[in-house]
Amino acid sequence: MAMEEVLGRNGINVVLNLSELSRLINSYPPNNFDLQFNFSDLSKIQTALEDLYGPLGGRGVALRSGRASFKYGLREFGPLLGITDLAFRLLPLNEKLSTGLNFFADVFNRFSDQRVRIEETPDRFYWHIECCPVCWGRHADGPVCHLAVGILQEALFWVSGGKHFPVEETHCIAQGELTCTIEIVKKPVE
Ligand SMILES: [Zn+2]
């Protein structure tokens, strides 16, 4: 749904065809917690975006899809998971970020096969993905998990009540690293 919002109905259909996932055209997976959507399919879609729009264009689409995914995810599952912006409003900024990141890591760890571990230093958070659906089975020269970066950008925007933070993938399993690591600078962009 998030990708359809970004690409339009025709665009998403072209991407699904190119990903050899034409069975999903007009038949998206249901919105539930069943583990029925393969990591390899998500990864194939990311590859198709780059094939179709070029590395830069594909990255842009993946980032925007990630941001839209967070919004859809929050709308669909936020109430069920018991998370609202009220919970964050009164916390100091660092607490907002820390509480939010830990909450979302927990959601991935509990409801998907993606494994996330958070590391914190005085000025940064590191979101380490140890089993990553976005680049599953891929080999690349640089980081390719732009979808995950987009999701985190929007999650941080939401928990902080409208601030933007530098978010960048610095290591990627597709490059032969052990984790896909996304670095988050705690100081918001002015
Ligand atoms: Zn990855």
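Please refer to the structure placed before this passage.
Residues numbered from 1 in each chain as written. Predicted model: local features only at pLDDT ≥ 70, side-chain atom pairs only at ≥ 80, totals over all residues. Heavy atoms only, no water.

K.L.:
For this particular structure, what's the right way to read the coordination of the zinc ion?
P.N.:
Metal coordination angles have textbook ideals: 109.5 degrees for a tetrahedral set of four donors and 90 or 180 degrees for an octahedral set of six. At 2.1 to 2.4 Å from the zinc ion lie its protein donor atoms, namely C132 (SG), C135 (SG), C145 (SG) and C180 (SG). Angles of 100 to 120° at the metal separate the four donor atoms of the zinc ion, which places the site in the tetrahedral class. Expressed as a motif, the donor residue spacing for the zinc ion is C-x2-C-x9-C-x34-C. One end of the pair, C132, is in the loop between strand 2 (124–131) and helix 5 (146–159); the other, C180, is in strand 4 (residues 180–185), and 48 residues separate them in sequence. By relative accessible area, which is 0% here, C180 ends up buried. (Donors = N, O, S within 2.8 Å, 3.2 Å for Na, K, Ca; no water. Tetrahedral: all angles 85-135°; square planar, octahedral: opposite > 155°, others 65-115°. Helix = DSSP H or I, 4+ residues; strand = E, 2+ residues; numbered from the N terminus. Buried < 20%, exposed > 50% of the residue type's maximum accessible area, 1.4 Å probe, protein only.)

K.L.:
Help me understand the sheet that holds strand 1 (residues 115–120), please; the structure alone is not making it clear to me.
P.N.:
What holds strands together in a sheet is hydrogen bonding between their backbones, with the strands either parallel or antiparallel. Across the sheet, four strands lie side by side as 1-2-4-3; this open sheet has antiparallel pairing. Edge strands, defined here as strands with exactly one partner in the open sheet, are strand 1 and strand 3 (167–171). Within this sheet the neighbouring strands show an average axis-to-axis angle of 25°, counted without direction. Two strands pair when backbone bridges link them, and strand 3 and strand 4 are joined in this way by four bridges, in the antiparallel orientation. Along strand 4, the bridge assignment pairs E168 with E183. (Pairing = 2+ DSSP bridges. Axes fitted to C-alpha atoms, helices over the stretch in contact; angles between N-to-C directions.)

K.L.:
What is the right way to read the pattern of salt bridges from this model?
P.N.:
Side chains bearing opposite charge may pair, as long as their charged atoms lie close to each other. Tallied over the full model, the rule gives ten salt bridges. Between R110 and D106 there is a salt bridge; the shortest N-O distance is 3.7 Å. With R110 and D106 both in helix 4 (residues 93–111), this residue pair falls four residues apart, about one helical turn. Take R110: its relative accessible area is 55%, and that puts it in the exposed class. On the basis of relative accessible area, D106 is assigned to the partly exposed category, the value being 36%. (Salt bridge = Lys/Arg side-chain N within 4 Å of Asp/Glu carboxyl O.)

K.L.:
How should the pairing of strand 2 be read in this particular structure?
P.N.:
Looking down a regular strand, the side chains alternate between one sheet face and the other. Sheet topology places strand 1 next to strand 2; six bridges connect them, and they run antiparallel. Bridge pairing in strand 2 links E119 to Y126. With six bridges joining them, strand 2 and strand 4 adopt antiparallel strand pairing. Following the sheet pairing, R124 is matched in strand 4 by V185.

K.L.:
Would you mind going over empty space enclosed by the protein with me for this structure?
P.N.:
Rolled over the atoms, a probe as big as a water molecule pinpoints where empty space is left. Per the stated rule, a full pass over the model turns up one cavity of 30 Å³ or more. Of the pockets and cavities examined, the largest cavity occupies roughly 30 Å³. Lining the largest cavity we find Q46, L49, E50, G58, A62, V144, H146 and L147. Those elements that provide at least two residues to the lining of the largest cavity are helix 2 (39–81) and helix 5. Broken down by element, the residue count for the lining of the largest cavity peaks at five residues, all from helix 2. A breakdown of the residues in the lining of the largest cavity according to their chemical character gives four nonpolar, three polar and one charged. (1 Å grid on protein atoms, 1.4 Å probe; cavity = no way out; pocket = protein on both sides within 12 Å on 5 of 7 lines; lining within 4 Å. Points joined across faces, edges and corners; volume = space filled by probe spheres on them. Nonpolar A, V, L, I, M, F, W, Y, C, P; charged D, E, K, R; others polar.)

K.L.:
How should helix 1 (residues 2–18) be read in this particular structure?
P.N.:
Structurally, the α-helix is built with 3.6 residues per turn, so residues lying three or four positions apart point the same way. Over its 17 residues, helix 1 extends only 18 Å from the first C-alpha to the last, a length that falls short of the 24 Å expected when each residue adds 1.5 Å. Residues A2, M3, V6, L7, G11, I12, N13, V15 and L16 constitute the buried set of helix 1. Residues of helix 1 that are buried in the fold lie against helix 2. (Expected span 1.5 Å × (residues − 1). Contact = heavy atoms within 4.5 Å.)

K.L.:
Before we go on, may I ask you to explain the packing of aromatic side chains in this structure?
P.N.:
Aromatic ring pairs are reported here in terms of the distance separating the ring centres and the angle at which the planes meet. Scanning all chains against the criterion turns up eight aromatic pairs. For the ring pair F39 and W136, a centre distance of 5.6 Å and an interplane angle of 80° mean the geometry is edge-to-face. Within this pair, whereas F39 is found in helix 2, its partner W136 is found in the loop between strand 2 and helix 5, the two being separated by 97 residues in sequence. For F39, a relative accessible area of 17% translates into the label buried. W136 gets classed as partly exposed once you look at its relative accessible area, which sits at 43%. A cation over an aromatic ring shows up here: K186 above the ring of F125, its NZ or CZ 4.8 Å from the ring centre. (Phe/Tyr/Trp six-rings, centres within 6.5 Å; stacked < 30°, edge-to-face > 60°. Lys NZ or Arg CZ within 6 Å of the ring centre and 35° of its normal.)

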